[in-house]
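Observations on the model geometry
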Amino acid sequence: MRKYIRAALSQLAYSPVLAVVLCIEFVVMMTCFSLCYGALELYRIRQQMYEQNGMSDWYYLRSGENEALISRLEADTGRSALSFEYVEGMNSDTQIVIYSEAVFKSLDILVSKGERIDLSRDYGAVPCLITSGLAGDYKVGQIYELKTDFEQRTIGSFYICGVIKDDVLFSPTYGFDYDTRHIIAYDPEARINKRMEQHFDVWNASGLTDFADKYSDYIERNAIQPFDYYYSARNELERERIMPYVLLMIVFTTLSLTGLVAYGISTGVQLRRQNALFRLVGAKRRQLVLITFLRILMIVALPALLSFVGRAYMRTTDIGETTLLSFRGQLTAIGLCFGVMFLSSLISVIGTGRESISERVREM
Amino acid sequence: MKKASLIFSEILRDQRQEIKLTAAIYLTVTVCFLSIFVCFRVAEKDKLILEDTDLAARTYPDVFISSGEFSSCGELYSALTEAEREYGVTFDGLRLRSADMPLYLELEGLGRIDDSVRLSQEGLQPGEMTVNENALYMGKSLTVGDKAELFGKSFSVVSVENESAIAFEELASLSADTGSLDISVGSIVTEKSLSASQKNSLKALLHSDELISQMDTAETENRSVSSDQKLICILIAGLSVLVILTLFKQAMLRAAPRLGMFRLYGAKNSFVEAFFLIYLLGYILLPFAAATGIYALLEGIFVRFYLEHDTAISYKLFALTAVALLSLIFTLPQLVDIVRKQPAELAVRR
């Protein structure tokens, strides 16, 4: 193996400057892919949640007299309102939202780890789902007593059922939010020690065909506000935020590809000559492929490693708090870099036939 | 002229012989320039673009007046009217709020919040007031014709609207504790641009912490966008310079025998220098022109990507200058080395 690594390193030394340029371009491209894929993934998940949960039939209840309105709606339809209650979390970055039973029945919450909350089960504590920012501190299947950081006031005992997939949460402001430090709890027995609570209610009118007509007077004065009221406007804002990232991704991919072309042309002649020499001294094609594979691995592995470090750093910045940094996107970029480089080198190796060997030797 | 045409014809011949390498350099440098322009444009998205710069220079948003510094509401009123008189100030969204305010709002989930009262400069007569449709006074909502007492003064409700308001002049006769008053101004607009000393005097008159115009805010914001743009430009320009240098070095090596021939035929050093400088500048200027052309053609696509603000030509020229200067600085030592070589060293053997 050592001789193959040495041969791969000698090939890299043909144009070290361009190899470094290529590495830098790959790092930027991989980071852009991670950012852009994440933003697009969030957009797709939001759309999927909207469609799967039939949210075109959802209404926010914005009236100052919600209780009377809810009583009327419940009496008319025999359903319950979806109640979302915000209570003080451990600190200003961490929010705790208590969902009512109706929410869990109406809203399809996807989990990436653990399981959804079983509404009929007694967990011995308040069952909850957490987002990825808290998953490092709290393990699934464990009970934790949560306290406020400032006063050490006990909020309650929580059983961690699972981790919410991609940190996408239903928002009180027309759509879905991305939040990495969020707890969704189910607390029918009011075991949570609440403070500074706020809440909003939503009505799921799916299947109620005459709902919009029957409550048109409420809808007209926004006491009952359709989920779609600002949803499309919010989507437009989201698109406006994402699209520049998409353009940057395209630009840096093009930049990397042209860097690759420049590198290929700069080192192509010497590589072909060296491959011809290797063939002349008895090397088989598969050995040349192995050397090529190692060379490309070296040139892609370092940027991949750096981009992982970059992604870990970005997760701690403002971008990381508002946008999903996709691991899948990063892997796609790494695969793309490796694939394109390997394919172009493979074509070069396959082209090292007997006739071309004599041609290269004559050149030298 | 003869010399120039000879140089151009030699460069063209040389590039035709190394067509792949030449194409790779042109393509890569064009894409580098295009990437710089696109990054500029993306950064431009966060830039504050003011339609009326004169108005922005005279507009001071979110002004906070330390009402506690005034001994009475009468003194506060005098200061505000003096600001109007001396500096031609117009107050937009002048509001008064106090913990002692008998008007309040009940907001679900947030509880009781003191209602703010706008000090209206037109439409309302002394003794008249409008009330917020959601406001409560002594626990009851008010209707037209009702009376309400605010800070020792009685007002008659003339309409129910989306905000509570009293006439601006009424401020002088209110007997409120100025320490508990919260006076906020949406923005103040002066008649003319203020000098630094005038600004300080106005600040002292209003007992305001700071007066920052919209123009100053925009300039501060845009300065950080501009430094981001320069950083991106230097990063990508650095990459493109590295590509140019590496590929250009190869081009120089391949052109060396031809130079040796020139020298054999008696060409001077200045000819060789001119040959390489034109060669290098061609690799920078042509891709720059191509990138600028492609960038202009992509205008419609940029709009579809929500990037509506174009980049100033000065930034593009900055990118060109950066690439050209860096390329020249790093190529000159090699060029001098080649110029000093003898024809035999330049691989002319036959």
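Here the structure is a predicted model, which is why all the values come from computation and not from measurement.

Re the overall build of chain B
- Along chain B, the regular secondary structure elements total 9 helices and 12 strands.
- Evaluated residue by residue, chain B yields a buried proportion of 45% over its 350 residues.
- In chain B, 79% of the contacts between residues at least 6 apart in sequence involve partners at least 24 apart.
- Roughly 17,700 Å² of accessible area belongs to chain B as shown, and the carbon and sulfur atoms make up 56% of that amount.

Topic: the overall build of chain A
- The helix and strand tally for chain A stands at 12 helices and 12 strands.
- In chain A, buried positions account for 49% of the 364 residues.
- In chain A, 78% of the contacts between residues at least 6 apart in sequence involve partners at least 24 apart.
- When the accessible surface of chain A is summed, it comes to about 17,400 Å², and 55% of that surface belongs to carbon and sulfur atoms.

So, the environment of B:A251
Residues and elements named next belong to chain B.
- Its place among the elements puts A251 in helix 6 (residues 214-264).
- By relative accessible area, which is 3% here, A251 ends up buried.
- When the C-alpha atoms of A251 and I25 are compared, they prove to be 9.8 Å apart, with 226 residues separating the residues in sequence.
- Excluding its chain neighbours within four sequence positions, the residues that come into contact with A251 are D14, L21, Y279 and Y283.

Overview of the packing of aromatic side chains
- Per the counting criterion, the structure on display carries 37 aromatic pairs over all chains.
- Judged by centre distance (4.9 Å) and plane angle (75 degrees), the ring pair of A:F84 and A:Y99 falls under edge-to-face. With a gap of 15 residues between them, A:F84 in strand 2 (residues 82-87) and A:Y99 in strand 3 (residues 95-99) connect regions that are remote in the sequence.
- Given the relative accessible area of 1%, A:F84 is considered buried.
- When the centroid spacing of 4.9 Å and the interplanar angle of 75 degrees are considered together, the rings of A:Y138 and A:Y144 count as edge-to-face.
- For A:Y138, a relative accessible area of 16% gives the class buried.
- A network of ring pairs unites the aromatic residues A:Y50, A:W58, A:Y60, A:F84, A:Y86, A:Y99, A:F104, A:F170, A:F176, A:Y186, A:F200 and A:F227 as a single cluster.
- Over the face of the ring belonging to B:F37 we find B:K316, whose NZ or CZ atom lies 5.7 Å from the ring centre.

Re a nonpolar patch on the surface
- There is a patch of nonpolar side chains on the surface, built from B:L325, B:L326, B:I329 and B:F330 and spanning about 380 Å² of accessible area.
- Take B:L325: its relative accessible area is 47%, and that puts it in the partly exposed class.

Some remarks on the interface of chain B and chain A
- Taken together, the 26 residues of chain B in the interface contact 28 residues of chain A.
- Here chain B packs against chain A, burying approximately 2,500 Å² in sum over the two surfaces, 77% of which is carbon and sulfur.
- The interface formed by chain B and chain A includes 0 salt bridges.
- The tally of links from chain B across to chain A stands at 1 residue pair in polar contact (both at pLDDT 80 or more).
- Elements represented by at least two residues in the side of chain B that touches chain A include exactly helix 2 (19-44) and helix 6 of chain B.
- Here the side of chain B that touches chain A takes 11 residues from helix 2 of chain B, the largest share from any one element.
- Taken together, the residues of the side of chain B that touches chain A sort by class into 18 nonpolar, 5 polar and 3 charged.

A look at the state of the cysteines
- Considering all chains together, one arrives at 0 disulfides over all chains under this definition.
- For the unlinked cysteine A:C128, the closest cysteine sulfur is that of A:C161, found at 6.5 Å.

Here we look at the nonpolar core
- A:F26, A:I299, A:V300, A:M341, B:F33, B:F275 and B:F276 are the most contacted members of the largest nonpolar core, which has 84 residues in total.
- A total of 14 residues in this core trace back to one element, the largest contributor, which is helix 6 of chain B.
- If we skip the residues at most four places from it in the chain, A:M341 touches A:L22, A:F26, A:L260, A:Y263, A:I296, A:I299 and A:V300.

Things to note about the side chain of B:R58
Residue and element names in this part refer to chain B.
- Here R58 is to be found in helix 3 (residues 53-58).
- Judged by its relative accessible area of 15%, R58 is buried.
- Within polar-contact distance, the side chain of R58 engages the backbone oxygen of T190 at 2.8 Å.
- With residues near it in sequence (within four places) discarded, R58 still touches I188, V189, T190, E191, K192 and S193.

A look at the packing of helix 2 (residues 16-52) of chain A against helix 9 (residues 285-314) of chain A
Residue and element names in this part refer to chain A.
- Interhelical geometry of helix 2 versus helix 9 gives an angle of 40 degrees and a closest axis separation of 8 Å. On the basis of the axis angle, helix 2 is oblique to helix 9. Seen along the crossing, helix 2 lies across helix 9 with a hand that is right-handed. Listed contacts from helix 9 to A19, L22, C23, F26, V27, M30, T31, S34 and L35 of helix 2 are I299, V300, P303, A304, L306, S307, R311 and M314.
- A per-class count over the contact of helix 2 with helix 9 returns 13 nonpolar, 3 polar and 1 charged.

Looking at helix 2 of chain B
- The first and last C-alpha atoms of helix 2 of chain B sit 37 Å apart over 26 residues, in line with the 38 Å expected at 1.5 Å per residue.
- The element helix 2 of chain B is largely enclosed, with a buried count of 21 among its 26 residues.

Some words on helix 3 (residues 66-77) of chain A
All names here are of chain A.
- Its 12 residues place the ends of helix 3 16 Å apart at the C-alpha level, agreeing with the 16 Å of an ideal helix rising 1.5 Å per residue.
- The inward-facing, buried residues of helix 3 abut strand 1 (58-61), strand 11 (198-204), helix 6 (211-214), helix 7 (216-220) and strand 12 (224-226).
- A positive backbone phi angle near 75 degrees is found at G78, which sits one or two residues after helix 3.

Section: the confidence of the model for chain B
Residue and element names in this part refer to chain B.
- The pLDDT averaged across chain B works out to 81; a share of 94% of its residues lies at or above 70.
- The secondary structure element of chain B with the lowest average pLDDT is strand 4 (residues 111-114), at 71, and the one with the highest is helix 8 (residues 299-304), at 90.
- For this predicted complex, the interface confidence score (ipTM) comes to 0.71, while the overall pTM stands at 0.69.

Focus: the pattern of salt bridges
All names here are of chain B.
- Taken as a whole and judged by the stated rule, the model has 19 salt bridges over all chains.
- Across the salt bridge formed by R95 and E163, the nearest N and O atoms sit 2.4 Å from each other. Here the residue R95 occupies a position in strand 2 (residues 90-98), and E163 occupies one in the loop between strand 10 (153-161) and strand 11 (164-167), the gap between them amounting to 68 residues.
- Residue R95 is classed as partly exposed on the basis of its relative accessible area, which comes to 23%.
- Relative accessible area serves as the criterion here: at 18%, E163 is assigned to the buried category.
- Here D216 ties to K199 by a salt bridge, and the two come within 3.7 Å at their closest N and O atoms. Taken as a pair, D216 in helix 6 and K199 in helix 5 (residues 196-206) lie far apart in primary sequence, 17 residues in all.

So, the confidence of the model for chain A
- For chain A, the mean per-residue pLDDT works out to 83, and 95% of the residues sit at or above 70.
- At the level of individual helices and strands, chain A shows its lowest average pLDDT in helix 12 (residues 354-363) of chain A, which scores 66, and its highest in strand 5 (residues 126-130) of chain A, which scores 94.

Calculation rules
- Residues numbered from 1 in each chain as written.
- Chains lettered and ligands numbered in written order.
- Predicted model: local features only at pLDDT ≥ 70, side-chain atom pairs only at ≥ 80, totals over all residues.
- Heavy atoms only, no water.
- Helix = DSSP H or I, 4+ residues; strand = E, 2+ residues; numbered from the N terminus.
- Buried < 20%, exposed > 50% of the residue type's maximum accessible area, 1.4 Å probe, protein only.
- Contact = heavy atoms within 4.5 Å.
- Areas by Shrake-Rupley, 256 points an atom, 1.4 Å probe, with all protein chains shown as cover.
- Phe/Tyr/Trp six-rings, centres within 6.5 Å; stacked < 30°, edge-to-face > 60°.
- Lys NZ or Arg CZ within 6 Å of the ring centre and 35° of its normal.
- Patch = residues over 30% accessible without salt bridge, like charges linked within 9 Å, V, L, I, M, F, W, Y side chains within 5 Å.
- Salt bridge = Lys/Arg side-chain N within 4 Å of Asp/Glu carboxyl O.
- Buried area = accessible area lost by both parts, 1.4 Å probe.
- Polar contact = N/O pair within 3.5 Å; in protein donor to acceptor, adjacent residues only side chain to side chain.
- Nonpolar A, V, L, I, M, F, W, Y, C, P; charged D, E, K, R; others polar.
- Disulfide = S-S within 2.5 Å.
- Core = buried A, V, L, I, M, F, W, Y, C linked by side-chain atoms within 4.5 Å.
- Axes fitted to C-alpha atoms, helices over the stretch in contact; angles between N-to-C directions.
- Parallel < 35°, antiparallel > 145°, perpendicular 65-115°, else oblique.
- Left-handed = near helix turned anticlockwise from the far one by under 90°.
- Expected span 1.5 Å × (residues − 1).
- pLDDT = per-residue confidence, 0-100.

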